[in-house]
Amino acid sequence: MAHKLSNEVDRAPAVGELTPPNRTLMGPGPSDVNPRVLRAMSTPLVGHLDPSFIEIMDEVQELLRYTFRTENQWTIPVSGTGSASMEAAIGNLVEPGDTMLVPTNGYFGGRMASMARRAGGEVVEVDAPWGEPLAVEDVEDALAEHDPDVFGFVHAETSTGVRQPNVPDLTAAAHDHGALVIADTVTSLGGVELRVDEWDIDVAYSGPQKCLSCPPGASPLTLSDEAMEKVLSRAEAPRSWYLDLSLLEGYWGDDRSYHHTAPITNVYALREALRLVAEEGIEERWARHERTAGALKAGVEAMGLEMNAPDEYWLPSLNAVRVPDGIDDGEVCAELLERYDLEVAGGLGDLSGDIFRIGCMGHSARPENVIYVVTALGDVLESMGADVDPDAAVSATRSALE
């Protein structure tokens, strides 16, 4: 029996033209997108099996290898956000019954654990406090105790502003125990020194919206031959059909056979973002991030604020700054958005309410942005009664940039 639609349902929605606010993005991601990348997204669509798109796929893979510093054949953009690339890595490498060793020192180590359990793996942990990196000796002890099949670590922990040092020592320890290594490089790829082959990382996944300054939608992933051999020799298929790398290999490998319709416009965007990396030079890009983030760090410290991470673990792409006593981080973030169209973020998990997370990534890692965020943050904090020195902050930032 047919039902007549109500007047409300029958009426076409009166939705106006899209006019999002023009923000300056200095939070934990996304970062500001380079205008060249936006222009690339406005170019004509072609089919995902069009010969011209096959050439684009080849170029994207070549550019990804350069950015990851790897010669891995199995280097692709996964259709989806960084979490899709993360799940592709863990869901394919961890088989039911496998043991995965994960860190406890941040929010995204916890996400590794969740994905490993969903893949049917047994999760064991190597402990470190939030705001500190993993100690090599603790990893060695955990490897000896648990004998895992896979070891995962977060190279750049977005929730704490900590960069994991001594990566070659971690991978060597894991390989001595026969474990493959998965690295979370979501907030480091294209902004912080990362050498997949030299550091002997088996699998690295990332997101495009951080240091690559690309809209989310096609997310970098690279696997060594050893890791892909494990994927292709699984006793049972991964639980996700969409992210099954043995099937995606048919599309991104030599056959270029249909698996799903790739996010073509996002691949265009990633290609242009990676072209910008290659034009700048990867090591020059690492140096730019350290230089501009160093000026930001100098400014907030001159203001009277403290960094969450010690200098030796400081993560230039994500600056975790301690919230002053008596100040509500959420109110500060809301006021920065309202007064300055400026996005920064508060803490996650164990550090919720304790830190500001200020990104300095990709196209956002520019002198004018750093001066802007230091000026705005000083103004808002002073207006809320915090004991800060905004003038000293701006002077220190300018001096560092000179």
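Relevant structure appears above.
Residues numbered from 1 in each chain as written. Predicted model: local features only at pLDDT ≥ 70, side-chain atom pairs only at ≥ 80, totals over all residues. Heavy atoms only, no water.

Caption draft 1: Broad picture of the overall build of the chain. Tallying secondary structure elements over the chain gives 14 helices and 14 strands in all. Taken against the 2.2 N^0.38 rule, which gives 21 Å for 402 residues, the C-alpha radius of gyration of the chain at 22 Å falls within 12% of a compact globule. Each principal axis of the C-alpha distribution contributes one length, and for the chain these read about 65 × 60 × 50 Å. When burial is assessed residue by residue, the chain has 56% of its 402 residues classed as buried. Taking all contacts inside the chain whose residues are at least 6 apart in sequence as the whole, residues at least 24 apart take part in 72%. About 17,100 Å² of surface is accessible on the chain, with carbon and sulfur atoms providing 46% of the total. (Helix = DSSP H or I, 4+ residues; strand = E, 2+ residues; numbered from the N terminus. Rg over C-alpha atoms; globule rule 2.2 N^0.38 Å. Buried < 20%, exposed > 50% of the residue type's maximum accessible area, 1.4 Å probe, protein only. Contact = heavy atoms within 4.5 Å. Areas by Shrake-Rupley, 256 points an atom, 1.4 Å probe, with all protein chains shown as cover.)

Caption draft 2: Expanded view of helix H11 (residues 282–303). For H11, which comprises 22 residues, the first-to-last C-alpha distance of 32 Å matches the rise-based estimate of 32 Å (1.5 Å per residue) to within 8%. Where H11 ends, the next residue or the one after it, glycine 304, has phi of about 110°, a positive value. (Expected span 1.5 Å × (residues − 1).)

Caption draft 3: Here's a closer look at the pairing of strand S3 (residues 99–103). Of all five residues making up S3, five are buried, and the element is well covered by its neighbours. Every second residue of S3 is oriented toward a common face, with Thr99, Leu101 and Pro103 on one face and Met100 and Val102 on the other, all of them buried. What joins S3 to strand S4 (residues 122–126) is helix H5 (residues 107–118), and the crossover it makes is right-handed. Sheet analysis places S3 next to strand S5 (residues 150–154), joined by two bridges and oriented parallel. Note on S5: the bridge partner recorded for leucine 101 is phenylalanine 151. (Right-handed = clockwise from strand over helix to strand, strands pointing away. Pairing = 2+ DSSP bridges.)

Caption draft 4: Seen up close, the packing of helix H4 (residues 82–93) against H5. Here H4 crosses H5 at 50°, and the two axes come no closer than 10 Å. The angle between H4 and H5 falls in the class oblique. Relative to H5, the crossing made by H4 is right-handed. In this structure, H4 contributes Ser83, Met86, Glu87 and Ile90 to the contact, and H5 contributes Phe108, Arg111, Met112, Met115 and Ala116. Grouping the amino acids of the contact of H4 with H5 by side-chain chemistry returns six nonpolar, one polar and two charged. (Axes fitted to C-alpha atoms, helices over the stretch in contact; angles between N-to-C directions. Parallel < 35°, antiparallel > 145°, perpendicular 65-115°, else oblique. Left-handed = near helix turned anticlockwise from the far one by under 90°. Nonpolar A, V, L, I, M, F, W, Y, C, P; charged D, E, K, R; others polar.)

Caption draft 5: Inspection of the sheet that holds strand S2 (residues 74–80) at higher detail. One open sheet holds the seven strands; their spatial order is S2-S10-S9-S8-S5-S3-S4, and the pairing between them is mixed. In this open sheet, the two strands that pair with only one neighbour each are S2 and S4. The average undirected angle you get between the axes of adjacent strands in this sheet is 20°. Contacts from helix H7 (residues 167–176) reach S5 and strand S8 (180–184), with the element oriented near 165° to S5. Sitting on the sheet, helix H9 (residues 245–252) touches S2 and strand S10 (217–223), and the angle it makes with S2 is about 105°.

Caption draft 6: View of the packing of aromatic side chains. By the definition in use, this model includes five aromatic pairs. Aromatic side chains tyrosine 340 and tyrosine 372 sit 5.9 Å apart centroid to centroid with 80° between the ring planes, which places their arrangement in the edge-to-face category. Of this pair, tyrosine 340 sits in helix H12 (residues 329–340) while tyrosine 372 sits in helix H13 (residues 367–383), and the two are 32 residues apart along the sequence. Relative accessible area serves as the criterion here: at 29%, tyrosine 372 is assigned to the partly exposed category. Between the NZ or CZ atom of lysine 297 and the centre of the ring of tryptophan 314, over which it lies, the distance is 5.8 Å. (Phe/Tyr/Trp six-rings, centres within 6.5 Å; stacked < 30°, edge-to-face > 60°. Lys NZ or Arg CZ within 6 Å of the ring centre and 35° of its normal.)

Caption draft 7: Representation of the nonpolar core. Phe151, Ile182 and Leu221 are the most contacted members of the largest nonpolar core, which totals 82 residues. It is helix H10 (residues 264–280) that contributes the most residues to this core, nine residues altogether. Among the nonpolar cores identified, the runner-up in size contains 32 residues, and Leu342, Val370, Ala376 and Val388 belong to it. (Core = buried A, V, L, I, M, F, W, Y, C linked by side-chain atoms within 4.5 Å.)

Caption draft 8: The state of the cysteines, seen in detail. One pass over the full model with this rule turns up zero disulfides. Cysteine cysteine 333 is unpaired, with the sulfur of cysteine 360 as its nearest cysteine sulfur at 17 Å. Looking at the unpaired cysteine 360, the closest cysteine sulfur is the one in cysteine 211, lying at 8.9 Å. Note on cysteine 360: relative accessible area 0%, which makes it buried. (Disulfide = S-S within 2.5 Å.)

Purely geometric numbers; function is a separate question.
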